[in-house]
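# Geometric and topological summary
Here is how the chains run, residue by residue.
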Amino acid sequence: MIALDRARKVFGQGRPNEFTALHETSLLIEADRMTVIRGPSGSGKTTLLSLIGCMARPTSGRIHVLGREITSLPERFLTEIRRRTFGFIFQQFHLIPGLTALENVILPAYPTGERRSVLEKRAAGLFELFDITAKSRSRVEWLSGGEAQRVTIARALINDPAVVIADEPTAHLDSKLSGEFMATMGRLRDEGRTVLIASHDPLVYDHPSVERVFHIRDGRIDGESR
Amino acid sequence: MIFHPLILALFTASLLTGFMVVYAAVFGAQILRRWDLRSGSEIQLGLERKTYLVSTLLSYAFAAELLSLALFVFTADRIHGFFAGAMCAAGTLKADAFGYPALLLKATNAVLAGLWLIVNAADNKGFDYPLVRTKYAGLLAASPLILAEIALQTLYFLKLDPDIITSCCSTLFSQGGSSLGSELASLPIAPMRILFFASVVGSAALGLAFVRTGRGAGLLGVSSAATLAVSLLAMVSFISIYIYELPTHHCPFCVLQAGYHFIGYPIYASLFGGAIAGMGAGILSPFRKIPSLSAVIPGMQRKLAWTAAACFLVLAAIVIAAMAASHLTLPD
């Protein structure tokens, strides 16, 4: 379970450009479920995901992930949690040009010290799962949007995370690829992973696999559905 | 005098250390007053973010504090040529009233800085800031001493006057006089020799015993502190005369000179290194029961105990080698 206890995030605090991206927010996100944070651009979705994913710290409030309080953790402990607990799928893919799809996928696992042969074997399983084995040795700049998206998902799963976080994952995908993406997320949920998606795409929040939708606007949770 | 590069280096290091200590002490007072890990308040989260930065900067300041002890003694030795009568750091430090008090405080603070670094290293291994109050309380207790040291060091260098005729080490550490140096030089050699080797070898044995059994860290800490005191006395009492091959020369500073192959540096480095490591192993013992540290403290203590044992054995080996190579023969 992921629990936010009055979490708040202010950027540029005390400066003329001070901006509260997330007002005091308390919510519970159940484990092993697919949850969507729904809201328009600038509503605080990405900020919320960043806080949950240990990529940013709240200005105040506490966040518990899988029974552990994460906001007080020193950075060296957060690194391990980010690496082991979360798999991230970004709107812009953030694949590294010049590297092959395989190299991009195993990159987040390098710091774990596992042997490369073991990592490549695990990556091969993911490539097969997402039907992109033929592209594993291709440079990522040669991939189509759909292929790049699947490489991004494979990269998110290389460390076998308990929680998959996706930020506007369908923003650059057509309807068919968006549907495929959501089906993949459904499979991950069925495997026992917690899936958390931020999106304002109806193809996402209206998808039948989604079990809970939180509505966010102007940095406040203003409702939920399902 | 004040513009000597070594003195300027010491001034700069002291200013930076002093600034960091004052800043960290003010922050430490906030920690002691407001720290509450159960709270998610903005103040608490701010303290959590800041403590990592402050303790990291303070670590560098305290590492500099350790080095500045060596630099201070080295400087005092290097500038002895400016003072009529001075043959080594002993005379330079006697050139005004602040030299020896500054040295005493620097040595004390070096040990305290070493212990603080060990406690800080342990705190950094816990996910819930287990020793944050302890280490900042320690800092607050030590900060007056550090500031006093900076003041004394500054006064010492400012008051140095090359026209003053100072005393040489043969006078300061001669037997039969009434000064503290003379009293130390008059300590009986045979009992001091036994006491020195018993404490050094005993502490090394306690360190190795802890590495093997994981028991006796407190005793190792006490023993290491005692070894530090005994060894400093032994240095004046008998180690020095073997190195100088002169039964009347008890100076603890001439050993830092090239004429004696700078043998004083490894002696003092192994002594202070062993003492700090041994005391550090002891000081960590009460924290073994803290849940977030229970898995890491024993490993840290083993490394410290091993370091202490190694340092003390190196110290014993250097002293034995110096005695064996010496042409000095003392009557039984």
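Keep in mind that what you see is a predicted model, and the values were worked out from it rather than measured. (Residues numbered from 1 in each chain as written. Chains lettered and ligands numbered in written order. Predicted model: local features only at pLDDT ≥ 70, side-chain atom pairs only at ≥ 80, totals over all residues.)

Turning our attention to the overall build of chain B. Within chain B, the regular secondary structure consists of eleven helices and zero strands. Counting helices and strands in the order they occur from the N terminus, chain B gives α-α-α-α-α-α-α-α-α-α-α. Relative to its length of 332 residues, chain B is compact, with a C-alpha radius of gyration of 21 Å against a globular reference of 20 Å. Burial status across chain B gives 44% buried among its 332 residues. Partitioning the contacts of chain B with sequence separation of at least 6, the portion at a separation of at least 24 is 75%. (Helix = DSSP H or I, 4+ residues; strand = E, 2+ residues; numbered from the N terminus. Rg over C-alpha atoms; globule rule 2.2 N^0.38 Å. Buried ≥ 20, exposed ≤ 12 C-beta atoms within 10 Å, placed from the backbone. Contact = placed C-beta atoms within 7 Å.)

Bringing the overall build of chain A into the picture now. When helices and strands are counted, chain A shows seven helices and ten strands. Along the first, second and third principal axes, the C-alpha set of chain A runs to 50 × 40 × 35 Å. Across chain A, every contact between residues at least 6 apart in sequence was considered, and the portion connecting residues at least 24 apart equals 70%.

Residue and element names in this part refer to chain A. Judged by pairing direction, the sheet is mixed, and its six strands sit side by side in the order β6-β7-β8-β3-β9-β10 without closing on themselves. Looking at strand neighbours, the two that pair on one side only are β6 (86-89) and β10 (220-225), the edges of this open sheet. Here the average twist between neighbouring strands, direction ignored, is 20°. Two strands pair when backbone bridges link them, and strand β3 (residues 34-38) and strand β9 (residues 212-217) are joined in this way by four bridges, in the parallel orientation. Note on β9: the bridge partner recorded for Val 36 is Val 213. Sheet strands touched by helix α5 (residues 145-157): β6 and β7 (163-167). Its angle to β6, the strand with the most contacts, is close to 165°. (Pairing = 2+ DSSP bridges. Axes fitted to C-alpha atoms, helices over the stretch in contact; angles between N-to-C directions.)

Before going further, it helps to examine the interface of chain A and chain B. Contacts between chain A and chain B engage 14 residues on the former and ten residues on the latter. With three residues, the top contributor of residues to the side of chain A that touches chain B is strand β4 (residues 60-65) of chain A. Of the residues belonging to the side of chain A that touches chain B, the class tally is four nonpolar, five polar and five charged. (Nonpolar A, V, L, I, M, F, W, Y, C, P; charged D, E, K, R; others polar.)

We now examine the domain arrangement of chain B. All names here are of chain B. As assigned here, chain B comprises domain 1 (1-163) and domain 2 (168-332). Here the C-alpha centre of domain 2 lies 23 Å away from the C-alpha centre of domain 1. Facing the 23 residues of domain 1 at the interface are 24 residues of domain 2. By residue number, the principal contributor to the side of domain 1 that touches domain 2 is helix α4 (residues 99-125), which donates eight residues. When grouped by side-chain class, the residues that make up the side of domain 1 that touches domain 2 number 15 nonpolar, four polar and four charged. (Domains from an automatic or database assignment.)

Residues and elements named next belong to chain A. The terminal C-alpha atoms of helix α6 (residues 175-190) lie 23 Å apart, and with 16 residues this matches the ideal 22 Å at 1.5 Å per residue to within 8%. Among the residues of α6, those classed as buried are Ser 178, Phe 181, Met 182, Thr 184, Met 185 and Leu 188. The arc that holds every buried residue of α6, seen down its axis, measures 155°, which confines them to one face. With respect to the buried face of α6, the exposed residues turned more than 90 degrees away are Ser 175, Lys 176, Ala 183 and Asp 190. As for α6, its buried residues are in contact with β3, α5, β7, β8 (194-199) and α7 (202-205). Looking one or two residues beyond α6, the residue adopting positive phi is Gly 192, at roughly 105°. (Expected span 1.5 Å × (residues − 1). Arc of directions from axis to C-beta.)

Time to look at the pairing of strand β1 (residues 2-11) of chain A. All names here are of chain A. Pairing analysis gives seven bridges linking β1 to strand β2 (residues 19-29), with the strands arranged antiparallel. Among the inter-strand pairings, Ile 2 is bridged to a residue of β2, identified as Ile 29. As defined by bridge partners, β1 adjoins β4 across five bridges and the pair is classed as antiparallel. Bridge pairing links Ile 2 to Val 65 in β4.

This paragraph deals with the environment of B:Tyr60. Tracing the backbone through its elements, the reader meets B:Tyr60 in helix α2 (residues 42-78). For the pair formed by B:Tyr60 and B:Leu117, sequence separation is 57 residues and the distance between their alpha carbons is 9.3 Å.

So, on to the sheet that holds β2(A). Hydrogen bonds along the backbone pair up the strands of a sheet, which may run parallel or antiparallel. What the four strands build is an open sheet, ordered β2-β1-β4-β5 (chain A); its pairing is antiparallel. The sheet is open, and its two edges are formed by β2 and β5 (68-69) of chain A, each paired on a single side.

As a note on interpretation, predicted positions should not be read in detail where pLDDT is low. Mean pLDDT over chain B works out to 91, with 97% of the residues at or above the 70 mark. In the predicted assembly, ipTM is 0.81 and pTM is 0.86. (pLDDT = per-residue confidence, 0-100.)

Counting residues in hydrophobic clusters, the biggest one holds 96 residues, and the most contacted among them are B:Cys88, B:Ala90, B:Cys169, B:Phe253, B:Ala281 and B:Ala308. Split by domain, the residues of this core number at least three in each of domain 1 (1-163) and domain 2 (168-332) of chain B. Contacts of B:Ala90, omitting those with residues within four sequence positions, involve B:Cys169, B:Leu172, B:Phe173, B:Cys251 and B:Phe253. Ranked by size, the runner-up nonpolar core spans 57 residues in total, among them A:Leu4, A:Ala7, A:Ile106 and A:Ile132. (Core = buried A, V, L, I, M, F, W, Y, C linked by C-beta atoms within 7 Å.)

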